[in-house]
Amino acid sequence: MKATAELQVVPIGEGVSVRDQIKQVVDLLGNYDFLVETHASGTNIEGELSAILAAVEAIHEQLHAAGSVRLLSYIKIETRTDKTPTLAGKRL
């Protein structure tokens, strides 16, 4: 099932800058067959729903393995039955 999602990963207790952790997130998403668009407060993703959910799990596993003790992820997911959801369809 195709989906679009907005993902925000928040490493808690990592200090003021979390740039290194978020770079790891973006790099990991590049391993999937996704259309990815980063923005100031998160990342938009277009792909298979099962792969998006698997990627979120992989992100948590990788960041925890790299030393992040606590992670909070906010995920908005859209699926449709009338047409395939796309990031391009969201642009104004």
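In what follows, the structure referred to is the one given above.
This is a predicted model, so every value here is computed, not measured.

Peer 1: I would appreciate a short explanation of the pattern of salt bridges in the present structure.
Peer 2: Summed over all chains, the structure comprises six salt bridges. In this structure, the salt-bridge partner of K2 is E48, at a minimum N-O distance of 3.6 Å. With K2 in strand β1 (residues 2-12) and E48 in strand β3 (residues 42-48), the pair connects residues that are 46 residues apart, well separated along the chain. Since its relative accessible area comes to 31%, E48 is described here as partly exposed. Here K76 and E6 are joined by a salt bridge, their closest N and O atoms 3.5 Å apart. Pair noted here: K76 is in strand β4 (residues 70-78) and E6 is in strand β1, with a separation of 70 residues, a long-range link. Look at K76 and you get exposed, because its relative accessible area is 58%.

Peer 1: Got a minute to help me understand the environment of K2 in this structure?
Peer 2: The class of K2 is partly exposed, set by a relative accessible area of 41%. Spatially, the C-alpha atom of K2 lies 9.6 Å from that of I52, the residues being 50 residues apart in sequence. Here K2 is in contact with G47, E48, E78, T79, T84 and P85, once residues within four sequence places are set aside.

What counts and what doesn't
- Residues numbered from 1 in each chain as written.
- Predicted model: local features only at pLDDT ≥ 70, side-chain atom pairs only at ≥ 80, totals over all residues.
- Heavy atoms only, no water.
- Salt bridge = Lys/Arg side-chain N within 4 Å of Asp/Glu carboxyl O.
- Helix = DSSP H or I, 4+ residues; strand = E, 2+ residues; numbered from the N terminus.
- Buried < 20%, exposed > 50% of the residue type's maximum accessible area, 1.4 Å probe, protein only.
- Contact = heavy atoms within 4.5 Å.

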